[in-house]
Amino acid sequence: MFHKEGHNTIIGCFFLSVVVVFLVDYTVQLSWIRWIIQIPTILLLGIILWFFRNPKRTLPNLEPTDIIAPCDGKVVKIEEVIEEEFFDKKRIQVSIFLSPLDVHVTRYPVGGKIIFSKYHKGKYLVAFHPKSSELNERTTVVIDNRNVGQILYRQIAGFLARRISNYAVVDNQVVQGEDSGFIKFGSRIDIFLPLQSQLFIKLGQTLRGNMDIIARKI
């Protein structure tokens, strides 16, 4: 299954690959030259298909106060900080870095009502840069959940990323684990948890969106 954000790119790359492969096959006489052109073309199509994959995953057995990983990736930061854009008070920040090889679907970490959704223009620092959360192109979304409270997550574009898709609309009710957006190429997700949270993750851990529980409100 492929994500809808990649449908046009996949179709375009597929037809381009077919044209290149058949054109080279009919016009180039030397087999080794054909291979030099055709093999990278097919590999590129494979990379595009891999990048836009959207595996269907079933939520684990959850408690009402569980918060799930909003994306695949590596935990690069767990720190108590003052979140200044919405809360203006201390929260636990968890940052997840997505390499170009990770699934780039963003998922709602909790269900509830969208009370804030904002896009910010910005720079394109590498996603693991400490200032990328404040300076890079990004979107900020806050979900109000009756059991957990308010959860903020932020999609952050990286050095390669040039497009963030955010499906969160203010006043909409959303379901935990459903697609909330997509970030093309390397990127990062920051999620800000209540201080009264029991964490189930550690630095350097690799997470799977919609499968791993990152915290529980206590």
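Before reading further, recall that the structure is shown in the block above.
Predicted, not measured: the structure shown is a model, and the values here were computed from it. (Residues numbered from 1 in each chain as written. Predicted model: local features only at pLDDT ≥ 70, side-chain atom pairs only at ≥ 80, totals over all residues. Heavy atoms only, no water.)

Q: Looking at this model, I keep getting lost on the sheet that holds strand 8 (residues 164-166). Mind explaining?
A: Where strands meet in a sheet, backbone hydrogen bonds hold them as pairs that are either parallel or antiparallel. Here three strands make up an open sheet; going across it, the order is 4-10-8 and the pairing antiparallel. Across the chains shown, the open sheet's two edge strands, defined by having one partner strand only, are strand 4 (105-107) and strand 8. Taken over all neighbouring pairs, the strand axes of this sheet differ in orientation by 20° on average, direction set aside. In terms of strand pairing, strand 4 meets strand 10 (residues 179-183) through three bridges, oriented antiparallel. Looking across to strand 10, one finds that V105 is bridged to F182. (Pairing = 2+ DSSP bridges. Helix = DSSP H or I, 4+ residues; strand = E, 2+ residues; numbered from the N terminus. Axes fitted to C-alpha atoms, helices over the stretch in contact; angles between N-to-C directions.)

Q: Honestly, the packing of aromatic side chains in this entry has me stumped. Any pointers?
A: The relation between two aromatic rings is expressed through the spacing of the ring centres and the mutual angle of the planes. Following the criterion strictly, the structure yields six aromatic pairs and no others. When the ring of F14 is compared with that of F15, the centres are 5.6 Å apart and the planes differ by 75°; the resulting orientation is edge-to-face. Geometrically, the ring pair formed by F86 and F116 is tilted, given 5.3 Å between the ring centres and 55° between the ring planes. With F86 in the loop between strand 2 (73-83) and strand 3 (89-98) and F116 in strand 5 (residues 112-120), this residue pair connects regions lying 30 residues apart in the sequence. Through a chain of ring-to-ring contacts, the aromatic side chains of F51, F52 and F182 assemble into a single cluster. Directly above the ring of Y167 sits K4, whose terminal nitrogen or CZ lies 4.4 Å from the centroid. Its end group placed over the ring of W50, R53 keeps NZ or CZ at 3.7 Å from the ring centre. (Phe/Tyr/Trp six-rings, centres within 6.5 Å; stacked < 30°, edge-to-face > 60°. Lys NZ or Arg CZ within 6 Å of the ring centre and 35° of its normal.)

Q: How should the nonpolar core be read in this particular structure?
A: Among soluble globular proteins, nonpolar side chains are generally buried collectively. In terms of nonpolar packing, the biggest core is built from 28 residues, with I67, V94, I143, I191, L193 and I214 touching the most fellow members. Only strand 3, strand 6 (138-145), strand 7 (149-157), strand 11 (187-193) and strand 14 (213-217) provide two or more residues apiece to this core. Ranked by residues supplied to this core, first place goes to strand 3 with four residues. Not counting the four nearest positions on each side in its chain, I143 is found in contact with Y108, P109, V110, G111, G112, K113, I114, G149, Q150, I151, Y153 and V174. In terms of nonpolar packing, the next biggest core, distinct from the first, is built from nine residues, I10, L45, F52 and V103 among them. (Core = buried A, V, L, I, M, F, W, Y, C linked by side-chain atoms within 4.5 Å. Buried < 20%, exposed > 50% of the residue type's maximum accessible area, 1.4 Å probe, protein only. Contact = heavy atoms within 4.5 Å.)

Don't take any of this as a statement about function, it's just geometry.
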